[in-house]
Amino acid sequence: MKLQNMFGVVLWSDASAQNAVIWCEDQGELAYYTPGDGCIHDAPSLDAGDLVQFDVTVQENVRKATNPQILMQSHSPDLPQKLRAGQRVGANDMPAQRADTSKKVVDLSDYFGAQPARKFA
């Protein structure tokens, strides 16, 4: 079980159960957060649109987020609605155009303002 530090945006949360689903910066599978038994600190209350940093592990083919830290509350509170609508989200919240607009893909590297990784053959 390899521990990796990750940034992401909360897509959904249940404040009463302190559960959350997080969109990860590496564009991989979503990460699921549930505070574990015996937490040594109070878990932060995560809301949709919060920008967070967390540790991620893979357990039984599911990404689990632990130790979430809120970097910016309400960073993008409308992100879940934009994703459901299939809109492209850019670093400045401006729609970006691509040659192939038939794909409904939102590039998180644009969202964070980072350069996407280049692929070499």
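Shown above is the structure to which this text applies.
Residues numbered from 1 in each chain as written. Predicted model: local features only at pLDDT ≥ 70, side-chain atom pairs only at ≥ 80, totals over all residues. Heavy atoms only, no water.

Peer 1: Can you tell me about the pattern of salt bridges, naming the residues and giving the values?
Peer 2: Working definition: two side chains of opposite charge can pair if their charged atoms are close together. If you walk through the whole model with that rule in mind, you get one salt bridge. Residues Asp26 and Arg63 are paired through a salt bridge, measuring 2.4 Å at the closest nitrogen-oxygen approach. Of this pair, Asp26 sits in the loop between strand 2 (19–24) and strand 3 (31–33) while Arg63 sits in strand 5 (residues 62–72); the two residues are 37 residues apart in sequence, bridging distant segments of the chain. Relative accessible area serves as the criterion here: at 36%, Asp26 is assigned to the partly exposed category. On the basis of relative accessible area, Arg63 is assigned to the buried category, the value being 12%. (Salt bridge = Lys/Arg side-chain N within 4 Å of Asp/Glu carboxyl O. Helix = DSSP H or I, 4+ residues; strand = E, 2+ residues; numbered from the N terminus. Buried < 20%, exposed > 50% of the residue type's maximum accessible area, 1.4 Å probe, protein only.)

Peer 1: I'd like to hear about a nonpolar patch on the surface, residue by residue, with values.
Peer 2: A contiguous nonpolar patch, built from Phe7, Leu71 and Met72 and spanning about 250 Å² of accessible area, is present on the exposed surface. In this structure, Leu71 sits in strand 5. (Patch = residues over 30% accessible without salt bridge, like charges linked within 9 Å, V, L, I, M, F, W, Y side chains within 5 Å. Areas by Shrake-Rupley, 256 points an atom, 1.4 Å probe, with all protein chains shown as cover.)

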